[in-house]
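Okay, here's what each chain looks like letter by letter:
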Amino acid sequence: MKAQPPASHFIDGEYVEDINGAAFDSIYPATGEVIARLHAATPAIVDRAIASAKRAQGEWAAMSPTARGRILKRAADIMRERNRELSELETLDTGKPIQETIVADPTSGADAFEFFGGVAAAALNGDYIPLGGDFAFTKRVPLGVCVGIGAWNYPQQIACWKGAPALISGNAMVFKPSENTPLGALKIAEILFEAGLPKGLYNVIQGDRSTGPLLVNHKDVAKVSLTGSVETGRKVAGAAASQLKHVTMELGGKSPLIVFDDADLESAIGGAMLGNFYSTGQVCSNGTRVFVQKGIKQKFLSRLKERTEKIIIGDPMVEETQLGPMVSRAQLDKVFAYIEKGKAEGATLLTGGGIPNDVPAEGTYIQPTVFADVTDDMTIAREEIFGPVMCVLDFDNEDEVIARANGTEFGLSAGVFTSDLTRAHRVVDRLEAGTLWINTYNLAPVEVPFGGSKQSGFGRENSLAALNHYTELKSVYVAMSPVQAPY
Ligand code: NAD
């Protein structure tokens, strides 16, 4: 299988190569095959991408938002027409099963172009402020050249979730995908260009943690939006802060999912499984600490085990496959190390924990894993694992579980399953997280703000709220009478 793009970077409306950049392979995690060979951006490529974005941005910002939106909506249409092809590419990039990518990846990217292309024109208006004779007005203006840096779990979605609000607001974007999943963003750039986006407005360059700083520190960059780990977030936010650049930080989590004993049991188990095993557990907002009230603990665990052991693991390109490999060998090793730690610290391994049968030896597969009897102090309950490992913890009452759920440095997401409506609202009010769910988990439609609090980051993606993070206000005071100077 090959997925070799014409060149490593997409700059100024065309593919560009610079073989002086360090070569790296793109690996299909289901088989270990090398599917493409690329080069990381050299400083010259970074400069070229940013210079091209800077050149293009002024004219783009001067267009009406409706005209900009028309191009984004056309890109959304093209993405939907090519959903199969893009989903297969996403599967090659990440190893996620086609069953998922066909409904969740290019489609959610297209949603972003459609939503921002359609509604943002009206949302970019300013205010009129009456001042008794005099008045003021505000203008919402773009920031300039914005940098997007992506994680490897949703490469196409992240490229679109950052690109759509940046572009509709009149900015240019230079996007760097994760070195683990370099392919999808190039296609997004190609499609935007095909949809009529003027050259230079959405450039993609490749590279890793040594390339990122070249972008973040570049003098012509006004804003950085990162999706990545807390550790990377601290570095990127620190570098951006030293130059007073705007930042959006979409970082990691260790989110609580609370199941009260009056919950619809099958629904709660389904939510917990989706919130731990979807995308082979590589989802930032996953509810990896599942707090189950003691009254239903045994029933919950036995049905969870039964349902988990039926998950179909295998070739991600086969429609029936429900769980693919992890994105890379390094990530797989990290997850196995956490599983060993879980066992050593006394958690009960309910199911999984090993390599599934009948998968290619070079594939980075792991069984969906559930630990029960997990306590708050265990490493697996405190650190983000980023793999298909669910930790089940027991609790007695509401006050106790809220305090324990909040006892973490993270604050990305949280969920509650209960049939008591007032309790559901009381609990979400007290949970410290940016994105919460009642009686479901992990749904993130483009209409709803998405993002974290505490160490999980700041700023919001999706919804009109995202526009605040890609624009700034200009206030203009207009005097209607001569200046009365006392001297
Ligand atoms: P990572 O932090 O290792 O890398 C993220 C990106 O940052 C990559 O493109 C990487 O090359 C780049 N990078 C690394 N160091 C950098 C530096 N010093 N300066 C600039 N760029 C740098 O994360 P990952 O392993 O790719 O992704 C997994 C993490 O992402 C998890 O912690 C997960 O929770 C988080 N994530 C968060 C969200 C969200 O929306 N909150 C979504 C997806 C993933």
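Everything discussed here concerns the structure shown above.
Residues numbered from 1 in each chain as written. Predicted model: local features only at pLDDT ≥ 70, side-chain atom pairs only at ≥ 80, totals over all residues. Heavy atoms only, no water.

S.K.: Help me understand the site of the ligand in this model?
M.R.: Taken together, 28 residues lie near the ligand, and Gly-150, Ser-229, Thr-232, Leu-251 and Glu-384 sit nearest. Within the side chain of Ser-229, one N or O atom sits 2.8 Å away from an oxygen atom of the ligand. The contact in question runs from an oxygen atom of the ligand to an N or O atom on the side chain of Glu-250, over 3.3 Å. Here the ligand, which alone exposes 850 Å², has 92% of that area covered by the protein. If you list the elements that add at least two residues to the shell around the ligand, you get helix H8 (212–216), strand E10 (223–227) and helix H9 (230–242). With three residues, H9 is the single largest residue contributor to the shell around the ligand. A per-class count over the shell around the ligand returns 12 nonpolar, nine polar and seven charged. (Near = heavy atom within 4 Å. Polar contact = N/O pair within 3.5 Å; in protein donor to acceptor, adjacent residues only side chain to side chain. Areas by Shrake-Rupley, 256 points an atom, 1.4 Å probe, with all protein chains shown as cover. Helix = DSSP H or I, 4+ residues; strand = E, 2+ residues; numbered from the N terminus. Nonpolar A, V, L, I, M, F, W, Y, C, P; charged D, E, K, R; others polar.)

S.K.: Please clarify how helix H2 (residues 65–81) should be interpreted in this entry.
M.R.: Since the α-helix packs 3.6 residues into each turn, any two residues three or four apart lie on the same face. Taking 1.5 Å of rise per residue, 17 residues should cover 24 Å, and H2 covers 24 Å from first to last C-alpha, within 8% of that figure. Of all the positions in H2, only Ala-67, Arg-68, Gly-69, Ile-71, Leu-72, Ala-75, Ala-76, Ile-78 and Met-79 are classed as buried. For H2, the secondary structure elements touched by its buried residues are helix H1 (43–62), helix H3 (83–94), helix H5 (106–123), helix H6 (155–168) and helix H7 (184–194). (Expected span 1.5 Å × (residues − 1). Buried < 20%, exposed > 50% of the residue type's maximum accessible area, 1.4 Å probe, protein only. Contact = heavy atoms within 4.5 Å.)

S.K.: So what exactly am I meant to see when it comes to the sheet that holds strand E16 (residues 389–395) here?
M.R.: Judged by pairing direction, the sheet is mixed, and its seven strands sit side by side in the order E14-E15-E16-E13-E12-E17-E18 without closing on themselves. Edge positions in the sheet fall to strand E14 (348–351) and strand E18 (435–438), since each of these pairs with one other strand and no more. Averaged over neighbouring strand pairs, the angle between their axes works out to 20° when direction is ignored. Relative to E16, strand E15 (residues 369–372) runs parallel, the two sharing three bridges. The residue of E16 that forms the bridge with Thr-369 is Val-389. (Pairing = 2+ DSSP bridges. Axes fitted to C-alpha atoms, helices over the stretch in contact; angles between N-to-C directions.)

S.K.: Would you mind showing me how to read the environment of Gly-150 here?
M.R.: With respect to the secondary-structure elements, Gly-150 resides in the loop between strand E7 (145–149) and H6. For Gly-150, a relative accessible area of 9% gives the class buried. For the pair formed by Gly-150 and Ser-225, sequence separation is 75 residues and the distance between their alpha carbons is 8.5 Å. If near-sequence neighbours (up to four positions away) are discounted, Gly-150 is found in contact with Ile-158, Phe-175, Lys-176, Pro-177, Ser-178 and Thr-227.

S.K.: Quick question: what am I supposed to make of the nonpolar core here?
M.R.: A general trend in soluble globular proteins is that nonpolar side chains are found buried together. Of all hydrophobic cores here, the largest spans 76 residues; its most connected members are Phe-113, Phe-116, Val-174, Leu-192, Tyr-202 and Ile-205. Among the elements that make up this core, the one with the highest residue count is H6 (eight residues). Residues within four places of Phe-113 in sequence aside, it is in contact with Leu-72, Lys-73, Ala-75, Ala-76, Met-79, Cys-160, Gly-163, Ala-164, Ile-188 and Leu-192. Among the nonpolar cores identified, the runner-up in size contains 29 residues, and Leu-332, Ile-366, Ile-380 and Val-416 belong to it. (Core = buried A, V, L, I, M, F, W, Y, C linked by side-chain atoms within 4.5 Å.)

S.K.: Is there a simple way to think about the sheet that holds strand E6 (residues 134–142) in this case?
M.R.: In a beta sheet, neighbouring strands pair by backbone hydrogen bonds and run either parallel or antiparallel. A sheet is described by the order of its strands in space; here three strands give the open sequence E5-E6-E20, paired in antiparallel fashion. Here the strands that pair on one side only, and so sit at the sheet edges, are strand E5 (128–131) and strand E20 (471–478). Between one strand axis and the next, the sheet turns by 20° as a mean value, whatever way the strands run. With four bridges joining them, E5 and E6 adopt antiparallel strand pairing. Within E6, the position partnered with Tyr-128 by the bridge is Phe-137.

S.K.: Sorry, what's going on with the packing of H5 against H6 here?
M.R.: Axes are the key here: two packed helices are described by the angle between their axes and the distance separating the axes. Relative to each other, H5 and H6 sit at 10°, their axes nearing to 8 Å. By the criterion of interaxial angle, the relationship of H5 to H6 is roughly parallel. Between H5 and H6, the contacting residues are Pro-106, Ser-108, Gly-109, Ala-112, Phe-113, Phe-116, Gly-117 and Ala-120 on the first element and Gln-156, Gln-157, Cys-160, Trp-161, Gly-163, Ala-164, Pro-165 and Ile-168 on the second. Its residues placed into classes, the contact of H5 with H6 shows 10 nonpolar, six polar and no charged. (Parallel < 35°, antiparallel > 145°, perpendicular 65-115°, else oblique.)

S.K.: Just to check I follow, could you spell out the pattern of salt bridges for this structure?
M.R.: Between side chains of opposite charge, a pair can form when the charged atoms approach closely. For the structure shown, the criterion picks out 30 salt bridges. Across the pair Arg-84 and Glu-319 runs a salt bridge whose closest N-O atoms are separated by 2.8 Å. Highlighted residues: Arg-84 in helix H3 and Glu-319 in the loop between helix H11 (297–308) and helix H12 (329–344), separated in sequence by 235 residues. Of the residues examined, Glu-319 reaches a relative accessible area of 37% and is grouped as partly exposed. Between Lys-305 and Glu-309 there is a salt bridge, with its nearest N and O atoms 2.9 Å apart. Under the relative-accessibility criterion, Lys-305 is labelled partly exposed at 31%. Because the salt bridges share partners, they merge into one network encompassing Glu-266, Arg-303, Glu-306 and Arg-307. (Salt bridge = Lys/Arg side-chain N within 4 Å of Asp/Glu carboxyl O.)

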